[in-house]
Each structure stands twice: as C-alpha cells, then as structure tokens.
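Observations on the model geometry
These are the residues of each chain, in order.
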Amino acid sequence: MSLRLARLISATLISVCASATVLAAEPPLVWRGDITTARGVVTDVAKAWEKSGKGKIELQPFNTASGIDAVAKGSADLAGSARPSFGASEQSLTFTPVAWDALVMITYPSNPVSNITLKELHEIYFGHITNWKDVGGNDEPINLYAVASPADGVEFSMRKLLFGRGNQPVAAPRLYVNVAKLEEGVTLDKRGLGATTLAGVAGNKKVKIISIDGVAPSAATVASGAYPLYTELYLVTNDAGPKAAETKEFIQFVTSSQGSSLLRAHSLVPYADGASLASGDAARRARIASVVGTRANVGAAMTTPTVAAAAAAETTEAKAAAAKETVVAKTGKSAKGEKAAKEAVANAEPSKFAGVVASVTTTGHVAFNGVHADAITISDNAKRGGRFAKVMADAVTVRGKAVAKPMPAAEIPEKTPAPLPIKPVAEAAPAKAKAEPAKVEPKKAVAKEVPAKKAAAPTRTYKVSSGDTLYSIAKKNAVDVNQLRAMNGLKDNNVHPGQVLKVGSAR
C-alpha cells in the first residue's frame, strides 16, 4: 500500500468518526430568562452540569417575559424568573422555586443615604417623595429607575410587596430593558435609585446597597426573615415539552448539595433552607401592608395557583355546608327537603359574575382623590340567589383620608326614595266618638325654583418645559398625578416641551 493511499484511508476514517460523534451528540438544553436568575443560579450551575458530563446548556439571558414566552412557544426548554406565574397564559407552565434572593435598592456609592424605611420606599415609588433631602440626603431630586416591563420578575415582586399587586404603576420615568442595564444607569447617576437583587450586585463597588428599616440585606438576614424584601427565584419548564425529562434532571441537580453550594456562593438561600420563609410569607406581607398603609396581599404568594384554588374551593364548600346546617337546625327542615335543595343548587346555572375580581381607582373628583377599591364575588348564583352573587368590597385611601368600609348587607335599604318638598299639613280636629275620622286633603307640592347653574370656573394651565415630567408638574401645581392624567385625557406619563396641560381651576 502506498503512503498516499494510507493517508487517504486515515483521513476518511477520521471524517467518518467525527460525523458519527456529531450525530450522536445530544442537542443542548436552551435556557432563556431574566438576568437575575442567570447570574445567581444558572451560569455556574450550568458549568458544573457540563463538567459532570450530563450535557450542554445554551444560555440566553435577557429578561423574564422573553424567557417565559420562549418556553411556552417551545423555542427554549427552561426559563428563569424572580416572580411566580402571573396571568392565564402562564398557567400551563411549571414554576419550580429553587432559591431565595433579597430585593435590594441601589444608589451611587457617594450618596450619603444608607438607609430608608419601608414607608419612605413606598412613597418614593408612589411619587410622593421626590427629593433625597426627605430621606436624609442632599437637596437633589431622586432619579428613580425601573425595568420597562411591569411583568419583570424583580419589579413585579417589589411592587407586589409594597402595593399588594405586581402591576402597580409607579413614578419611575427612567426605564431599562433589564436589571443589568438598570445597574449600569445607576453607576453613572449620583442621584439614581433602582431595584435589583443581592445576587446580582453583591461585591459590586460601583453601586451602594441601601438598608431597609436599619437592616442590611444578606443571605443571613434573608434566611432569618429580618430583612423584609425577598423573593423566590424560579426555573420555569413545560411538562409537555420534548425535553421535559432532561429539564427535571437539571432542576434536581440545581437543588442537590452540589448545586446548593453554588447558590450560597452567590448570596442566595437554597429554597429548601427557607421553609420558615414560605410558611411565614402571609404574615410578612401583612406586616409590610400595615407599615406602608396599603392593602395586604390576598393569599400567600408562595402557594402555587393549583394548590391555592383547591384550598379556596375547600374553604368555600366548608362554609356553605356549615351555613346549611345552621338553617336546618333553626327551621327544622327535613333531610328530604335539604336533599332537594342541594340538587337545586347543583343543577342551577352559575352566575356569570362569580369569581370576578375588579380594581377601581378614582381620579376625577377631589373628594375621592386617591381612593382605591377592590371587589370580588365569592359565590355563585345558586348559592346566593342574586344576579351578582355575593360581592365583597374594600376601599382604602392613599392620601391620608379615612378608610372607607363597606356597609353591612343588612343595613342597606332596598330603596331610599328622595324626600319631596311638601310643607307640613295641619292636624285635623279630633272627631266625635264612633265617628269616622276626618279626611284631610294633602296640599299639593310646590315645585321649588331651580337656581341657574353657575358658569364654569376658568381653568389653570401649565406649559411643559424641557426636563419636566408628569410627576414634577403635578407637584409644582399641588395636584395628584392621577387627577392630572385624567383631566388631560393622558393614557401614560409622557409629556413633551410646549405641551399645554390643564392643572386645575383658576384661584
């Protein structure tokens, strides 16, 4: 065999072996999600996963919404999120908590403010505190930063804690695509303030982490519950996906002793180490709500939607059964009649409004300025007998007005007719014994003259200058920003120089 032929055969064999290796190689798992989970959980764990020979993982860090959407559509196998599932489109996915992380406020290193209270943080996000001097700093405006998408994990979790709902609008005109870009913005702004996570900025000398109510965020203060602002980090999967088995194996690796060690290295608390945090979550949220003066979160955020729905159903059924037993005991209804009543309830058509949840905010009338209300139906048509089932409501003011409580159902009159402008009628003289009582013809009602409507008061206006924001304009003119938005028919907070806004009635 010639040397040339031997080389040709060797090259062919090498090519065949390389092709076989490529064909045999499994396609990598694709992870896409928020920067927070990528930095704290996935990056180092993925390296350890690959080093152990379990396979490759392709990382695509961007933001929460993109990762969850990719898993739902099948273009990614795993996603990362700093919030639980939210909305009907995410109910088909599985959110597995793997760690606890602190939600932290960061500012420029030279900023003299090192601590703020929960109440102050709430007021900053609401736009009521806009100057650093109001929290012990310099006489300079607070430049509040946020991630553009309200469904971002960090933003959603922070707002859920401070306001009771994750999609609460806030006074943050400086928006970024993810927390990494937000952090970069704060490093360049001496007046900047923004929210991120401890795992992302621990050891970063270009930013300053602010304590909350005198407690500095750390893995230890999160684990003990002393630091109040913390959230779960989730890995999101689709159990119906083609790589469901591989994703489950990866999650088991993350929660293993090796994976937990890597999580602790990033100032995270492994989820299994925070059992007390999960059980005490409802109490924590209630404490925060009492401090900041907002509505407490309904239900524990650490409960999956399926478990929460089952628990709610059991509670409702138990209450209904107890109520029926009470009625039978008081009225003496027979078991046969009770059975017929149960069958009627079971066969009745459910109300279209059962389970409806609503949130209302008044913005137009000064007397009700800042009032927020929530209503939810808790039963169906057959059990309550009304077209709207049983509606419960809560209302709370956010600008210092008294809390409004719903009137008990028994105290609400069916109809309250308006009083007629009729003068009192003189009493008739008493009739003789056994005589018919005297009839007195009532006097006809005299219609009162309706005063002419006063001419509408002239409106004050404000011309937007360069650098103005809707919140700064509201503050200059002593008007609530929601009322300002309503008066001018604005759908968002965007204004432009030269724009003329109505800011109230002329004084």
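This text follows the structure it describes.
So, here's what we can say about the structure.

About the thresholds
- Throughout, residues of each chain are indexed from 1 in the direction in which the sequence is written.
- Only residues with pLDDT of at least 70 get local features here, since the model is predicted, and only at 80 or more are side-chain atom pairs given and counted; chain-wide, interface and lining totals rely on the full set of residues.
- The basis for every side-chain value is the complete set of non-hydrogen atoms in the structure, without hydrogens or water.
- Throughout, an axis means a line fitted to C-alpha atoms (over the contacting stretch in the case of helices), and angles, computed between N-to-C directions, take values from 0 to 180 degrees.
- Put simply, DSSP H or I for four residues or longer makes a helix, DSSP E for two residues or longer makes a strand, and each gets a number counted from the N terminus.
- Should an angle fall under 35 degrees it is called roughly parallel, over 145 degrees roughly antiparallel, and 65 to 115 degrees roughly perpendicular, with every other angle called oblique.
- The contact definition used throughout considers only heavy atoms, calling two residues in contact when any of these lie within 4.5 Å.
- Just so you know the grouping, Ala, Val, Leu, Ile, Met, Phe, Trp, Tyr, Cys and Pro go in nonpolar, Asp, Glu, Lys and Arg go in charged, and all remaining residues, Gly too, go in polar.
- Aromatic rings from Phe, Tyr and Trp, with only the six-membered ring used for Trp, were paired whenever their centres fell within 6.5 Å, and each pair was classed as stacked if the ring planes differed by under 30 degrees, edge-to-face if by over 60, and tilted otherwise.
- Comment: the charge-over-ring label is applied if NZ (Lys) or CZ (Arg) is within 6 Å of the ring centre and within 35 degrees of the ring normal.
- Per-residue accessibility, obtained with a 1.4 Å probe over protein chains only, is compared with the maximum for each type, and a residue is labelled buried under 20%, exposed over 50%, and partly exposed between these values.
- Each pair of strands is called paired provided DSSP finds at least two bridges between the two strands.
- We define a nonpolar core as any set of buried Ala, Val, Leu, Ile, Met, Phe, Trp, Tyr and Cys residues linked to one another through side-chain atoms lying within 4.5 Å.
- What qualifies as a polar contact is a pair of N or O atoms within 3.5 Å, subject to a donor-acceptor requirement within protein and to the restriction that residues adjacent in sequence count only when both atoms come from side chains.

Two elements in contact, helix α2 (residues 35-51) and helix α9 (residues 244-254), have axes separated by 10 Å at closest approach and are oriented at 105°. Judged by the angle between their axes, α2 and α9 are roughly perpendicular. Taking contact as the criterion, the partners of Val41, Val45, Ala46, Ala48 and Trp49 in α2 are, on α9, Glu246, Glu249, Phe250, Phe253 and Val254. When grouped by side-chain class, the residues that make up the contact of α2 with α9 number 8 nonpolar, no polar and 2 charged.

Before going further, it helps to spend a moment on the packing of aromatic side chains. All chains considered together, the criterion is met by 8 aromatic pairs. One aromatic cluster is present, built from ring pairs that chain together Trp49, Phe250 and Phe253. Positioned over the ring face of Phe156 is Arg83, at 5.6 Å from the centre of the ring.

It is worth spelling out the pairing of strand β3 (residues 78-81) at this point. Two faces, one strand: in a regular strand the side chains alternate between the faces of the sheet. Side chains Leu78 and Gly80 project from β3 onto one buried face, and the interleaved Ala79 and Ser81 project onto a second face that is buried too. Both strand β1 (residues 29-34) and β3 contribute to a ladder of 3 bridges, which runs parallel. By the bridge assignment, Trp31 is partnered in β3 with Leu78. Across 3 bridges, β3 lies against strand β10 (residues 230-237) in antiparallel orientation. Each bridged residue has a counterpart across the sheet, and for Gly80 the counterpart in β10 is Leu235.

A word on the side chain of Glu123. Within the secondary structure, Glu123 is located in helix α4 (residues 118-126). In this structure Glu123 touches His128 and Ile129, once residues within four positions along its chain are discounted.

Attention now moves to the nonpolar core. Within the largest apolar cluster, 70 residues are counted, with the highest numbers of intra-cluster contacts made by Met105, Leu121, Tyr125, Met158, Leu229 and Phe250. For Met158, the residues in contact, after removing those within four places along its chain, are Leu103, Met105, Leu121, Tyr125, Ala195 and Leu229. Listed in part, the 14 residues of the second largest apolar core include Ala171, Leu470, Ile473 and Leu501.

Its place among the elements puts Ser66 in helix α3 (residues 64-73). In terms of polar contacts, Ser66 uses its side chain to reach the side chain of Asn63, at 2.9 Å.

Quick look at unusual backbone geometry now. Although it is not a glycine, Asp213 sits at a positive phi angle of roughly 55°. In this structure, Asp213 sits in the loop between β9 (208-212) and α8 (219-224). Relative accessible area serves as the criterion here: at 41%, Asp213 is assigned to the partly exposed category. Unusually for a residue other than glycine, Ala478 sits at a positive phi of about 55°.

Moving on: helix α5 (residues 153-163). Three- or four-residue spacings in an α-helix give side chains the same orientation, since the helix completes a turn every 3.6 residues. In terms of residue burial, α5 counts as a mostly covered element, since 10 of its 11 residues are buried. Inspection of α5 places Gly153, Val154, Glu155, Phe156, Ser157, Met158, Arg159, Leu161, Leu162 and Phe163 among the buried residues, and these make up the whole buried set. Downstream of α5 by a residue or two, Gly164 has a phi angle that is positive, lying close to 90°.

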